[in-house]
Amino acid sequence: MKIFKKKSKGIPVFMIVSFAVLLAYALSLIIPLIWSGYTSLKDWIAYAEDPVGLPKKWKDWHWDNYKAIFKAFKGKKEIAATGQFVNVGIPTMLLNSVWYAFGTSACCTLVSLLVGYVVARFNFKFCGWIYAIVIFQMIIPAVGTMPSELRMATNLHLYNTVYGMLFMKSYVSGLYFLSFYAALKVIPKDYTEAAYLDGAGNFSVMVKIMFPMVTGVITSVFLLNFIAFWNDYQTPILYMPSFPTLSYGLYHCTQGSFMDNVPYRLGACMMLALPLLLLFLVCQKKLLGNVSLGGLK
Amino acid sequence: MKTKAMNQKKKKDLIFCLLVLLVPMVQFAIFYVGVNVNSFVMVFQKYEINEETLRGSYKFQGFAHLFDNFKWMFTTIRNEGLFLSALKNSFIAFFVVTLVGITLALVFSLYISKKMPGSGLFRALLFAPSILSAMVTVLIFRSFVEEVFPTVFHMKEGLYANLDTRFGTILFYNVWIGFGTQVLMYSGAMSGIDPSITEAAKLDGAKPFREFFSITLPLIYPTIQTFLITGVANLFLNQINLVAFEGMDTLGRFMTVGYYLFRGVERATKAEFLLYATYGVSLTLIAAPLTLLTRWALDKFGPSVE
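Residues numbered from 1 in each chain as written. Chains lettered and ligands numbered in written order. Predicted model: local features only at pLDDT ≥ 70, side-chain atom pairs only at ≥ 80, totals over all residues.

1. Some words on the overall build of chain A
Our working rule: Segments assigned H or I by DSSP are reported as helices when at least four residues long, segments assigned E as strands when at least two residues long, and all are numbered from the N terminus. We call a residue exposed when 12 or fewer other C-beta atoms sit within 10 Å of its C-beta, buried when the count reaches 20 or more, and partly exposed for counts in between; the C-beta positions come from the backbone. We call two residues in contact if the C-beta atoms placed from their backbones are at most 7 Å apart.
Along the backbone of chain A there are 15 helices and 2 strands. Going through the 297 residues of chain A one by one, you find that 40% of them count as buried. Pairs at least 24 residues apart make up 69% of the contacts formed inside chain A by residues separated by at least 6 positions.

2. Re the domain arrangement of chain A
All names here are of chain A. We apply this condition: How far each domain reaches was decided by an automatic or database domain assignment. Note that Gly is not counted as nonpolar here; it falls among the polar residues with everything else outside the nonpolar set of Ala, Val, Leu, Ile, Met, Phe, Trp, Tyr, Cys and Pro and the charged set of Asp, Glu, Lys and Arg.
Segmentation of chain A into domains returns domain 1 (2–69) and domain 2 (77–289). Computed from C-alpha atoms alone, the centre-to-centre distance between domain 1 and domain 2 is 32 Å. Listed as interface residues are 11 residues of domain 1 and, on the opposing side, 10 residues of domain 2. Residue assignment for the side of domain 1 that touches domain 2 shows that the elements contributing at least two residues are helix 2 (11–39), helix 3 (44–49) and helix 4 (65–73). Per-element tally for the side of domain 1 that touches domain 2: the top contributor is helix 4, with 4 residues. For the side of domain 1 that touches domain 2, a count of residues per class yields 5 nonpolar, 5 polar and 1 charged.

3. Topic: the confidence of the model for chain B
Residues and elements named next belong to chain B. Where we set the bar: Each residue gets a pLDDT score, which is the predictor's confidence in that residue and runs from 0 to 100.
Chain-level statistics for chain B give a pLDDT mean of 87 and a share of 98% at 70 or above. Of all helices and strands in chain B, the one with the weakest mean pLDDT is helix 7 (residues 180–191) (80), whereas helix 2 (residues 68–80) scores best (94). Quick note on the complex model: pTM equals 0.82, ipTM equals 0.79.

4. Topic: the domain arrangement of chain B
All names here are of chain B. Taken domain by domain, chain B holds domain 1 (2–69) and domain 2 (71–301). For domain 1 versus domain 2, the separation of C-alpha centres amounts to 32 Å. On the side of domain 2, 12 residues touch domain 1, which itself brings 11 residues to the contact. Of all the secondary-structure elements, those providing two or more residues to the side of domain 1 that touches domain 2 are helix 1 (2–42), strand 1 (45–49) and helix 2.

5. Let's talk about helix 6 (residues 163–178) of chain B
Heads up, the condition is: Helix span, as expected, comes to 1.5 Å for every residue beyond the first.
Spanning 16 residues, helix 6 of chain B covers 23 Å between terminal C-alpha atoms, matching the ideal 22 Å at 1.5 Å per step. Its buried side turned inward, helix 6 of chain B meets helix 3 (83–113), helix 5 (134–153) and helix 10 (242–246) of chain B.

6. Comments concerning the environment of S173(A)
All names here are of chain A. Among the secondary structure elements, S173 is positioned in the loop between helix 8 (162–168) and helix 9 (174–185). The spatial distance from the C-alpha of S173 to the C-alpha of C108 is 7.1 Å, given a sequence separation of 65 residues. Excluding its chain neighbours within four sequence positions, the residues that come into contact with S173 are C108 and S112.

7. Some thoughts on the environment of L150(A)
Residues and elements named next belong to chain A. Secondary-structure assignment places L150 in helix 7 (residues 146–155). Classification of L150 as partly exposed rests on a count of 19 C-beta atoms within 10 Å. Between the alpha carbons of L150 and N160 there is a distance of 10.0 Å; along the sequence they are 10 residues apart. When sequence neighbours within four positions are dropped, the list of residues in contact with L150 reads Y159 and L238.

This is the structure we're talking about:
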């Protein structure tokens with residue numbers, strides 16, 4: 001608080017205003033989340049009478065709303081894109097979400113890491129080209145490639161398959177490539193030279209010496225990718241309609257009358273949000289501490 | 001002997017690099033080069049169904065009909081009347097979401113990097129929405145705006161239900177939810193500034209605002225530049241979360257180009273894929289030079305570290 005007392009012009013006013021805005025912003029995030037939490041436990045009629053207040057008595061907290069949400073997701077539904085009937089119960093969707101988020105984030109993180117490693121640590125001419133291509137790919141937008149991508153995936157039998165999706169997501173993410181590149185580039189060569197002199201091969205040096213030195217960045221990128229893929233509902237809609245994930249299921253439900261019931265709607269949101277909020281609480285430092293970004297030169 | 005050993009080491013390194021790069025190269029060849037080339041080829045193709053086998057296939061249009069898909073695109077734009085409003089909305093969304101987002105993110109990052117009261121908590125809170133699915137945050141935001149606001153503020157109609165305020169509400173959501181990652185990156189870059197530089201400036205009598213504009217801003221400019229460039233690059237891809245808000249049936253007046261294309265492809269027949277590929281190639285031809293121009297302008301007119 002010293003700075004508020006010490007100085008009276010310029011920054012302090014700015015800091016006080018910023019503090020007020022940040023506080024208002026933080027409250028605007030927290031209040032709707034708390035409201036959703038307790039509203040998801042309200043009876044529909046009690047909710048209609050008072051959409052804002054807390055349930056008054058213990059018996060007014062309807063934990064069985066969550067049972068109803070589980071039931072609403074159960075059963076087989078037709079997937080329009082394929083004409084197939086697919087089990088879209090919560091356990092199946094959870095399983096799909098888990099493999100999709102784990103698998104694709106592992107592939108995307110690993111590929112970005114490997115390419116970042118080669119470009120940062122070797123002096124071949126093509127390393128410079130790869131750097132340029134990744135930056136080019138990052139800043140030159142390819143708009144509306146979905147029809148072509150769908151066609152390619154179908155022709156190569158990658159459409160609507162697990163291995164196809166994993167391969168499609170094994171791409172170099174420009175942002176994360178830059179993070180890995182920056183982290184690996186600054187490690188002094190002495191570390192690897194000593195290992196090479198002791199007879200270690202390239203693979204051992206990469207896996208046993210270099211990667212452990214950037215574990216923090218790898219974990220952060222993996223977690224950021226995991227969150228992004230866990231929340232992704234558009235890819236499953238287009239590319240793997242037979243493997244609905246929880247996000248896709250929630251999207252699917254918003255299209256039906258089930259979601260007109262606000263407590264149920266918010267309950268479904270809480271079910272999807274809670275695992276990630278827990279993950280965030282546990283891994284907060286990893287997520288917030290290790291990724292930095294330079295410019296596009 | 002030494003040269004021979006070096007050559008052998010170089011050869012081993014090369015083989016190792018190629019093996020490591022194998023999967024990314026194949027993936028890139030298929031899903032970047034292949035997809036973009038195929039997208040371009042589709043612009044000059046037609047879809048025909050064989051009457052005997054009843055199977056469809058894509059064929060070259062022929063030179064006489066080379067630009068038929070472009071004609072189809074312009075006829076659709078004229079008759080359907082959705083695309084131009086989507087284009088306008090995309091630009092509005094870019095200016096509001098990207099520019100307002102960057103400005104607010106810079107202000108918040110400065111606060112956090114100066115380690116002012118509660119900065120650690122704010123940093124975590126600002127990033128928290130980024131971890132939740134857009135489906136979840138949109139549904140919660142929409143329910144809150146629709147259900148709580150009218151009750152608390154005695155409004156006749158919710159901000160989202162009212163068609164006149166709906167687009168503004170959606171834009172507000174995108175700004176409100178969108179700057180977590182930016183704050184993380186900017187505050188990280190600001191914390192990385194050598195304190196001796198700012199101390200020296202203070203000793204020279206630089207006021208806090210001068211310090212921000214002459215030292216902090218130029219030193220973190222590459223990070224800001226990256227977000228601005230990717231913002232322009234995503235101009236025609238940004239869906240402003242309309243799928244989560246509206247599903248696939250939004251009113252034309254709220255669409256952006258990104259949403260228009262996504263919705264189109266999701267519903268398209270095999271023949272209509274060609275129309276959307278043509279939209280894609282045409283928009284890339286606009287967006288690519290625009291992005292490069294932005295990059296050039298930001299390089300030329302941006303603040304200098306010197």
